[in-house]
Amino acid sequence: MVEPAGNQYVVARPVYSDILFDQEHEKVHRYHKTFMDHLRVCFSCTPQKAKKIALNLFPIISWLPAYRVKDWILSDIVSGISTGLVAVLQGLAFALLVNIPPSYGLYAAFFPVIIYFFFGTSRHISVGPFPVLSLMVGAAVLRIVPDTPEDSIVDSNATQNDSLIDQKRVMVAASVTVLAGIIQLLLGVLRIGFIVMYLSQSLISGFTTAAAIHVVMSQLKFIFQLPVPGYNTPLGIIWVLRDVFSQITNTNIADLVTSLIILVIVFVVKEINERYKAKLPAPIPIELIVTVIATGLSYAFEFDKKFGVAIVGKLEAGFQAPVAPDGNILQSCLGDGFSIAIVGFAVAFSVAKVYSIKHDYAIDANQELIAFGIGNIFGGSFKGFAASTSLSRSGVQESTGGKTQIAGLLSAVIVMIVILAISHLLEPLQKSVLAALALGNLKGMLMQFKEIGVLWKKDKYDCFIWIVTFLAAILLGLDLGLAAGLGFELLTVIFRAQFPKCTLLANVGRKDIYRNRKDYTDIYEPEGVKIFRCPSPIFFANIDFFKDKLTAAVGFKPLRVLRKRNKALRKIRRMLKKGELQVTPKGFICTVNSVNDSDEELDNNHIEELDQPTDTKDLPIQIDWTSSLPPNITVPTVDIHSLVLDFSAVSFLDVSAMRVLKESLKEFIRIDVDVYIVGAHEGLLDKLERCGFFDDEIQPSMFFVTIHDAVIYVMREKGIVESLPKYTSIMEKEKENKDNFIINTNGGLRNREFTVRPTILSTFLNNCLG
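Predicted model, so just to flag it, every value in this text is computed and none were measured.

## Considering the pairing of strand β3 (residues 503-508)
Where burial is concerned, most of β3 is hidden: 6 out of the 6 residues are buried. One ladder, built from 3 bridges, connects β3 with strand β4 (residues 514-516); its direction is antiparallel. Residue pairing in the sheet places Asn 507 in a bridge with Tyr 514 of β4. The turn joining β3 and β4, which pair antiparallel and follow one another in sequence, is formed by 5 residues; a positive phi near 75° is taken by Gly 509. Here β3 runs beside strand β5 (residues 523-524); their pairing, made up of 2 bridges, is antiparallel. Of the residues in β5, the one forming a bridge with Asn 507 is Tyr 524.

## Comments concerning helix α23 (residues 460-476)
Each full turn of the α-helix corresponds to 3.6 residues, which orients residues three or four apart in the same direction. Taking 1.5 Å per residue as the helical rise, α23 with its 17 residues ought to reach 24 Å, and the 23 Å between its terminal C-alpha atoms agrees with that figure. Considered for burial, the residues of α23 that qualify are Cys 463, Ile 465, Trp 466, Thr 469, Phe 470, Ala 472, Ala 473 and Ile 474. Tucked into the core, α23 has its buried residues touching α10 (201-224), α11 (236-246), α22 (451-458) and α24 (478-498). At the N-terminal end of α23, a side-chain oxygen is found 2.9 Å from the backbone nitrogen of Tyr 461, two or three residues along, and the residue is Asp 459. Positive backbone phi, approximately 105°, marks Gly 477, located one or two places after α23.

## Topic: helix α8 (residues 131-144)
The end-to-end C-alpha distance of α8 is 20 Å, a good match for the 20 Å that 14 residues give at a rise of 1.5 Å each. Within α8, 12 of the 14 residues are buried, leaving the element largely enclosed by the surrounding structure.

## Observations concerning the side chain of Ser 79
With respect to the helices and strands, the residue Ser 79 is situated in helix α5 (residues 69-98). When near neighbours in sequence (up to four residues on either side) are disregarded, Ser 79 contacts Val 396, Gln 397, Thr 400, Gly 401, Gly 402 and Ala 407.

## A few points about empty space enclosed by the protein
Per the counting criterion, the structure on display carries 3 cavities of 30 Å³ or more. Of the pockets and cavities examined, the largest cavity occupies roughly 450 Å³. Around the largest cavity, the lining is made up of 32 residues, and of these Leu 135, Leu 142, His 214, Ser 218 and Tyr 231 lie nearest the centre. Contributions of two or more residues to the lining of the largest cavity are made by α5, α8, α10, α11, α16 (334-359), α23 and α24.

Scoring rules and cut-offs
Residues numbered from 1 in each chain as written. Predicted model: local features only at pLDDT ≥ 70, side-chain atom pairs only at ≥ 80, totals over all residues. Heavy atoms only, no water. Buried < 20%, exposed > 50% of the residue type's maximum accessible area, 1.4 Å probe, protein only. Helix = DSSP H or I, 4+ residues; strand = E, 2+ residues; numbered from the N terminus. Pairing = 2+ DSSP bridges. Expected span 1.5 Å × (residues − 1). Contact = heavy atoms within 4.5 Å. Polar contact = N/O pair within 3.5 Å; in protein donor to acceptor, adjacent residues only side chain to side chain. 1 Å grid on protein atoms, 1.4 Å probe; cavity = no way out; pocket = protein on both sides within 12 Å on 5 of 7 lines; lining within 4 Å. Points joined across faces, edges and corners; volume = space filled by probe spheres on them.

Take a look at the structure:
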């Protein structure tokens, strides 16, 4: 080994097959744990393991003792108060999406935060209502307790009936939330938090954008104050728009004007917050400001009496007694519970991951599932609805200086004060104001439309996932849309694995580098050698595609060639027996003018015999299939003698693919085409041996470490090494180091590349080149 110079590197080694490499370097045969070993470890109990479980289950034990009171407490107090005020307003607004009275949104903003304080691993997310999740709960609520066309938002004669409907809907929302919490808790306990990885960023973006459109549609009835029933069916958005436009002349102008004013103010101030966030000490709490002003104006001028606007009305003070979920509701909402559990966790975990990377700390997906699961179980038991995290609320908590979940705990204290003491002050607030606040928080999700163009340039598959998920969620509803988007996403993965881009490789630059032969002009392809790469796993779904691509790459079907050769051998034997063919030193000579093919049908009835290796031992001459054959005997020509399969990107082979691959390799070997497999990952040889892959025709010696090893071995074995400039010395001064020369030696088993100094040039040539 000689020291490299500049950007060159030096490698001098023999050609290695996998077996030779393992023998020379004394490969260690490691013990791989069985399923029973993992079970034993899982159920074993030691003091260290018990401590680790306790720390994982209660992350507060780890971070609370290390809390820096002097440095962090003031920031957490400011952040907690700011976040708590936003949480109150969003809780009231998002309750309208669930189709329950606004006061129950405060419970959803309180109980999950308390639970997450003890069990959560993120320090910066603000747990509570999220518009998409609220809308999904609302869809389940409407399906079980639907609106009736006769219902009116301001029908004073239906107060008692409305109260009964509200109680039923609250029960449905609570039961669905408990069910989602149980599912999340089970997923966390079973350590399968990785399930969120199946929801790609493109899918989540398309889904949340569609959900934002659904939120807009659901709030139109509050903005226009029209009696529009909810539709939890495919094409529900179309029916909502139909009802809105059919009653547009009955719009309450006061509510419409109020909503538009609030929307404009909120959008403008949020844009200011975003543009000048580096200069502002804290975001302007515009939701709080407009809520206080709107409540004061509504109370002072009695908007509900003068203009007939819909107001929040009586808010129950204090907490509700806990209730058990309804078993019948749980059975009918199993699909809703599962989708709510997955979407809620996916959104929360993605936001938590952003902040964990920004502030350099670790989060645990399984523990997050447990935290949200317990939080939703508690929240649903106290008549709240499903919680996740709000992007805007988490942004407030982090941007106002929040350091830990102490800020989250203080925000829950603010919500509790509102629930216990001052909720009655919000009773005059117009519902159209809450609807406008809900829409004002959708800007980020609606701006995701810009991702379509970006994704189209980066990856068209991701772009299609975004579009399909968005359209499915818009037209079919959120639950069916999520399932359709996930199904399409998995189909794209299957499609890419089932139809990989297989390529033929060639040597580039006469070095040990092999690339797609279509991408370079300075290539070298050894005569009679084909190098084929498959860049994906090979399994039951794509093995036929792999076989077809391999056949197309070599230019012939090996099984057809084998059968043609066996048919030709039968004819030759028959003609020799009848005296129609004579053997001469120059080959065969036909002694008749025509040859009878009467037994061609007989050959076709013995296909299995035709698939066997050719046997020419009983013939008086060795047949050269590339030379001229007797008349009426034609066999497809085979212009290769070696086939190299690059398996460096093949991560696994299943049993079905293994069987077909074995048959295909035998077909090549039986027509005198040597097959070599290179770059196979660790353990593949062991698996092939366990599955009985090897026999007299297919040997482990066909496996090589790299493509270059296999190519050099083939060139030596076939005696074609002379086609390369053998032991040619190319000396050229290196630009960066004039004292060094580059010498490339090409030839057989001793193909090497060296960088040497001129003073040892003669010694190098004597030792290396013999």
